[in-house]
Amino acid sequence: MSSSLDAYLRSALDADEGQRQIAEAIRHLCTASIKVRNTIIEGGSGNDLGGQRGDSNSDGDIQKELDVIADKAFLQAARDSSFAFFGSEEQDEAVTLSKDGLHAIAIDPLDGSSNISTNVSIGTIFSILPVTDAHRKNPKSVFEQKGANQLAAGFFTYGPQLQLVLTVGNGTHVFLFSPKFGGFVEQAASVMVADRSREFSANMSNYRHWDVHIRNYIDDCLAGAEGPRERDFGMRYVGSLVADAYRILQRGGVFLYPGDERKGYQKGRLRLMYEANPVAMLMEQAGGAATDGARRILDIEPESLHVRTPLVFGSKREVERIGRYMTDSD
Ligand code: AHG
Ligand code: MN
Ligand code: MN
Ligand code: MN
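Quick caveat, the model's predicted, so the values are computed rather than measured.

(A) The coordination of the manganese ion (ligand 4), seen in detail. Of the protein atoms, only Glu89 (OE), Asp108 (OD) and Leu110 (O) coordinate the manganese ion (ligand 4), at distances of 2.1 to 2.3 Å. Counting along the primary sequence, the residues that act as donors to the manganese ion (ligand 4) give the motif E-x18-D-x1-L. Here the manganese ion (ligand 4) and the manganese ion (ligand 2) are spaced 3.6 Å apart, linked through glutamate 89, which binds each one. A residue pair is termed long-range when its members are at least 10 positions apart, and glutamate 89 in the loop between strand S3 (85-88) and strand S4 (95-96) and leucine 110 in strand S5 (residues 103-111) qualify at 21 residues.

(B) Expanded view of the sheet that holds strand S8 (residues 162-167). What the 8 strands build is an open sheet, ordered S4-S3-S5-S6-S7-S8-S9-S10; its pairing is mixed. Every interior strand has two partners, whereas the edge strands, S4 and strand S10 (183-188), have only one. Strands S8, strand S9 (173-178) and S10 of the sheet are contacted by helix H1 (residues 4-12), whose axis makes an angle of about 75° with S10. Helix-sheet contacts for helix H3 (residues 65-80) involve S3, S4, S5, strand S6 (122-130) and strand S7 (152-158), and the interaxial angle to S5 is about 160°.

(C) Fine view of the pattern of salt bridges. According to the stated counting rule, one finds 19 salt bridges in the structure shown. A salt bridge links arginine 247 to glutamate 199; the shortest N-O distance between them is 3.5 Å. Residue arginine 247 is located in helix H6 (residues 241-251), and its partner glutamate 199 is located in strand S11 (residues 199-201); the two are separated by 48 residues in the primary sequence. Using a relative accessible area of 13% as the deciding quantity, one classes glutamate 199 as buried. Glutamate 303 is the partner of lysine 267 in a salt bridge, and the nearest nitrogen-oxygen pair spans 3.5 Å. Here lysine 267 is found in the loop between strand S13 (254-257) and helix H7 (272-285), whereas its partner glutamate 303 is found in the loop between strand S14 (289-291) and strand S15 (311-314), with 36 residues between them in sequence. For lysine 267, a relative accessible area of 39% translates into the label partly exposed. In the salt-bridge network here, residues are joined through shared partners; they are Glu199, Asp244, Arg247 and Arg251.

(D) Examining the site of ligand 1 more closely. Ligand 1 sits among 18 residues. The nearest are Asp61, Asp111, Ser113, Tyr237 and Tyr257. Between ligand 1 and the protein, one listed contact pairs an oxygen atom with a backbone N or O atom of serine 113 at 2.8 Å. At a separation of 3.3 Å, an oxygen atom of ligand 1 approaches a polar side-chain atom of arginine 269. In the complex, 91% of the free accessible area of ligand 1, which totals 470 Å², lies under the protein chains. Among the elements of the structure, S5 and S13 are those that each provide at least two residues to the shell around ligand 1. The dominant element in the shell around ligand 1, judged by the number of residues it contributes, is S5, at 3 residues. Its residues placed into classes, the shell around ligand 1 shows 6 nonpolar, 5 polar and 7 charged.

Rules used in this analysis
- Residues numbered from 1 in each chain as written.
- Chains lettered and ligands numbered in written order.
- Predicted model: local features only at pLDDT ≥ 70, side-chain atom pairs only at ≥ 80, totals over all residues.
- Heavy atoms only, no water.
- Donors = N, O, S within 2.8 Å, 3.2 Å for Na, K, Ca; no water.
- Helix = DSSP H or I, 4+ residues; strand = E, 2+ residues; numbered from the N terminus.
- Pairing = 2+ DSSP bridges.
- Contact = heavy atoms within 4.5 Å.
- Axes fitted to C-alpha atoms, helices over the stretch in contact; angles between N-to-C directions.
- Salt bridge = Lys/Arg side-chain N within 4 Å of Asp/Glu carboxyl O.
- Buried < 20%, exposed > 50% of the residue type's maximum accessible area, 1.4 Å probe, protein only.
- Near = heavy atom within 4 Å.
- Polar contact = N/O pair within 3.5 Å; in protein donor to acceptor, adjacent residues only side chain to side chain.
- Areas by Shrake-Rupley, 256 points an atom, 1.4 Å probe, with all protein chains shown as cover.
- Nonpolar A, V, L, I, M, F, W, Y, C, P; charged D, E, K, R; others polar.

Right under this line is the structure:
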């Protein structure tokens, strides 16, 4: 049964075989997302999805049951999509799937794992990259491509609703899974991020570790109407990147996960290839912006699949303002 996501994919990705393969891949990713969503819903029957599996991933995160279930579901979707390579938060090395695949996927199979057992929105974030003969000769290089090379990017949100936020380079679109309909239907075409905002999103418990310029920016927001910003600010922070990103697409705002002085956190916590790059493409396609505080995320040359980056994204004017704070003399 065709859904409006199918209709959108046929209209947006039909110029050549490569585009048709991306459309097919997005359909397979949707199938995997429904499996993960059903696991979460059935998870109420007692298997502890937020329970620790004991081992930790390359990033040092302790793997949760659902991290591994999601990783398996999306690896299968990648095989079904005839991707050449699968680079996942939950696997130390990229998996080679086929020698002649045209594309690769970098994926965060389950984003917001710390929220699994608290019934807060979590998700899956993905980035689809081109694969050339040069990459086939040196497979490591496929996940050293900068984010500007992405052909498509998106995230699923497992929350009160199952949603897909997607860009294939012509705007950011929102689709909603309709159980009645049995497919994803378009909820919003070309979402636009408000370019101004009075809301910031950050884990304030790390404030003392941040760079002085970031602290100056936050201080001025907290000073409110009596301070240099001459307006009061609100704060929202879910702790699932997909939930914070979706809220910002809906009502503007600026998200900050800065680097800090702690060992291992100099580049913050978020990963460039499967968190910052896809979110950055979605934000730019929605008229927003995404930087590492100063540099455009999509221009950053990755050293490896799991490299981290400080991340600031959302309302364009606010992201640019933070860039000016970063260059202020101390
Ligand atoms: P993941 O669960 O994929 O490891 O990602 C968690 C990330 C992201 O979802 C969120 O923005 C961030 O961790 C929250 O970090 P803190 O708990 O340090 O605030
Ligand atoms: Mn993790
Ligand atoms: Mn994540
Ligand atoms: Mn994850």
